[in-house]
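This is what each chain is made of:
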Amino acid sequence: QVQLVESGGGLVQAGGSLRLSCAASGFTFSRYAMGWFRQAPGKEREFVAAISWSGGSTYYVDSVKGRFTISRDSAKNTVYLQMNSLKPEDTAVYYCAAYYSDYPEGWAGRVEEYHYWGRGTQVTVSS
């Protein structure tokens, strides 16, 4: 049974940091690129960051570049999102997702391209 379980969300003041984790099971984690998406109330789910299954390539939406870092630990089947210098506009439910790729540097940036999804974790940034 495929599972993606996010954790690490919470309430933080603007300028603070959070580290999200996503524990994966039930599929071959080492052959899947991983992504983080977020969805704010009344808005569509949007791409935040992705990492190839080799771990050698990472991608970010412009609004988080220089503040967020995605990483993965294949030994633990876990992907992380380190979020620094948080802003109120980062408030959203954050989801991790898995994308199968034949290529070690493959990745995807669209919701419909991802095969598996977690249930999300709430991040709230107060001003």
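So, here's what we can say about the structure. Please read all numbers here as calculations on a predicted model, not as lab measurements.

The subject of this paragraph is the sheet that holds strand β7 (residues 68-73). Within the open sheet, the four strands sit side by side as β1-β3-β8-β7. Their pairing is antiparallel. Edge strands, defined here as strands with exactly one partner in the open sheet, are β1 (3-7) and β7. Pairs of neighbouring strands in the sheet enclose a mean axial angle of 15°, with direction left out of account. Sheet topology places strand β3 (residues 18-25) next to strand β8 (residues 78-83); six bridges connect them, and they run antiparallel. Residue pairing across strands places alanine 23 opposite threonine 78, the latter belonging to β8.

The residue glycine 109 is located in the loop between β9 (92-100) and β10 (116-117) in this model. Considering only alpha carbons, one finds glycine 109 and tryptophan 36, 73 residues apart in sequence, at a separation of 9.4 Å. With sequence-adjacent residues up to four places away left out, glycine 109 is seen in contact with Phe37, Phe47 and Tyr114.

With that out of the way, let us pick up the state of the cysteines. A complete count under the given rule lists one disulfide for this structure. Cysteine 22 shares a disulfide with cysteine 96; S-S distance 1.9 Å. Of this pair, cysteine 22 sits in strand β3 while cysteine 96 sits in strand β9, and the two are 74 residues apart along the sequence. For cysteine 22, a relative accessible area of 0% corresponds to the buried category. Taking the relative accessible area as the measure of exposure, cysteine 96 reaches 0% and is therefore buried.

Rules of the game
Residues numbered from 1 in each chain as written. Predicted model: local features only at pLDDT ≥ 70, side-chain atom pairs only at ≥ 80, totals over all residues. Heavy atoms only, no water. Pairing = 2+ DSSP bridges. Helix = DSSP H or I, 4+ residues; strand = E, 2+ residues; numbered from the N terminus. Axes fitted to C-alpha atoms, helices over the stretch in contact; angles between N-to-C directions. Contact = heavy atoms within 4.5 Å. Disulfide = S-S within 2.5 Å. Buried < 20%, exposed > 50% of the residue type's maximum accessible area, 1.4 Å probe, protein only.

Geometry only, nothing functional implied.
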